[in-house]
Amino acid sequence: MGNSLKAIVAFVPSKKCQKYLLEDLEEMPVDKMVDLSGRQLRRLPLHICSFRELVKLYLSDNNLNHLPPELEQLQNLQILALDFNNFKALPLVVCTLKQLCILYLGNNKLCSLPLELRLLQNLKTLWIESNCLQYLPEVVCELSLLKTLHAGSNALRTLPQQLQCLQELRTIWLSGNLLSDFPPVLLNMPFLEVIDVDRNSIRFFPSLAHLPGLKLVIYDHNPCSNAPKVAKGVRRVGRWSEETPEPRKRSGAVIDITLDEKPLLPPAAKTRPE
């Protein structure tokens, strides 16, 4: 079905039209995954919320701006992809899904995150890239198991000191923000393995040689007068660094995660041009 026809049918609320959009998805799939990416949906079909054993739900690249309260029934959900939609606020029902490990919120219109996000204490991967964030919400610093944070392509100028409480954090993507200084809090996070501050306005880099866990620092496209000093074996990507190829990218961020840690990416993102 062509995208134009999907867009027309999406406006019609009848059960027959919704069934047409969902391509006869009436029973929960055996693999416990539902992928409704790119269906021009303006609302989540309620019967999806009856799939109580669902583990993965991909709603990327639709026209969603709200979610039904019935979503709370999906208490086994571990992966939820809401990127490339029209959310101006994160629906609070998402914060009731306490088994979530991976949450994709990129490419929406979010200016903040609700305090209720702290309820997602199993969250390990959070993607909030390409939103309207002028500051990193402090509630993110309460996600104690967070390992990967992608906050690129926002309007961040600083990072909160509370970020150093995230002792499980290993990778942080901050490319495409408004940082004029290297965030001081990152200097107090010896467990970080990947730091990406590509495409900011940083003019001077402090030494990062004291960070024992660091494996990769990406600092290209900054008006800097120096390269950050790093310990032996740490890879740098930027001016005056060694000439080496960059790892694979998704939505402008570099992925360098071991196979047993790498989160499953939304199907819509896999086929989207980088």
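Check the entry above for the structure.
On a predicted model such as this, the values are computed, not experimentally measured, just so you know.

Turning to the overall build of the protein chain, a few remarks are in order. Summing up its helical and strand segments, the protein chain has three helices and 12 strands in all. Counting all 274 residues of the protein chain, 50% fall into the buried class. Of the contacts made within the protein chain by residues no fewer than 6 positions apart, 28% connect residues no fewer than 24 positions apart. Working note: accessible area of the protein chain is about 13000 Å², and carbon and sulfur atoms make up 52% of it.

With that settled, the discussion passes to the side chain of T171. Along the chain, T171 falls in strand 7 (residues 171-173). The exposure class assigned to T171 is buried, which follows from its relative accessible area of 4%.

Checked against the element boundaries, L105 lands in the loop between strand 4 (102-104) and strand 5 (125-127). Separated by 15 residues in the primary sequence, L105 and L90 have C-alpha atoms spaced 8.4 Å apart. Leave out the neighbours within four places in its chain, and L105 touches L82, D83, L90, L110, L113, L126, W127, I128 and N131.

Before going further, it helps to examine the pattern of salt bridges. On inspection of all chains with the given rule, the structure shows three salt bridges. In this structure, the salt-bridge partner of K215 is E193, at a minimum N-O distance of 3.8 Å. Taken together, the residues span a long stretch of sequence, with K215 in the loop between strand 8 (194-196) and strand 9 (216-218) and E193 in the loop between strand 7 and strand 8 at a distance of 22 residues. The partly exposed category is assigned to K215, whose relative accessible area is 48%. For the salt bridge of D198 with R199, the shortest nitrogen-to-oxygen distance reads 3.8 Å.

The next point concerns the packing of aromatic side chains. To describe a pair of aromatic rings, you give the distance between the ring centres and the angle between the ring planes. Under the criterion given, the structure shown has three aromatic pairs. Seen from their ring centres, Y104 and W127 are 5.7 Å apart, and the 35° between their planes marks the pair as tilted. Placement of the pair is Y104 in strand 4 and W127 in strand 5, with a sequence separation of 23 residues. Of the two residues examined, Y104 and W127, each falls in the buried class.

What counts, and where the lines are drawn
- Every chain begins its residue count from 1, and numbering advances along the sequence as written.
- In view of the model being predicted, local features appear only for residues whose pLDDT reaches at least 70, and side-chain atom pairs are presented and counted only at 80 or more, with totals across whole chains, interfaces and linings using the full set of residues.
- Each side-chain value is derived from all of the structure's non-hydrogen atoms; neither hydrogens nor water enter the calculation.
- Here a strand is any run of E in DSSP of at least two residues, a helix any run of H or I of at least four, and the numbering for each starts at the N terminus.
- With a 1.4 Å probe rolled over the protein chains alone, any residue whose accessible area is under 20% of its type maximum counts as buried; one over 50% counts as exposed, and the rest are partly exposed.
- Note on definitions: a residue-residue contact is assigned when non-hydrogen atoms from the two residues lie within 4.5 Å.
- Here the Shrake-Rupley method, with its probe set to 1.4 Å, supplies the accessible areas, and only the displayed protein chains count as covering residues.
- One side-chain nitrogen of Lys or Arg within 4 Å of one carboxyl oxygen of Asp or Glu is enough to make a salt bridge.
- We call Phe, Tyr and Trp rings a pair once their centres come within 6.5 Å, taking the six-membered ring for Trp, and we label the pair stacked below 30 degrees between planes, edge-to-face above 60, and tilted otherwise.

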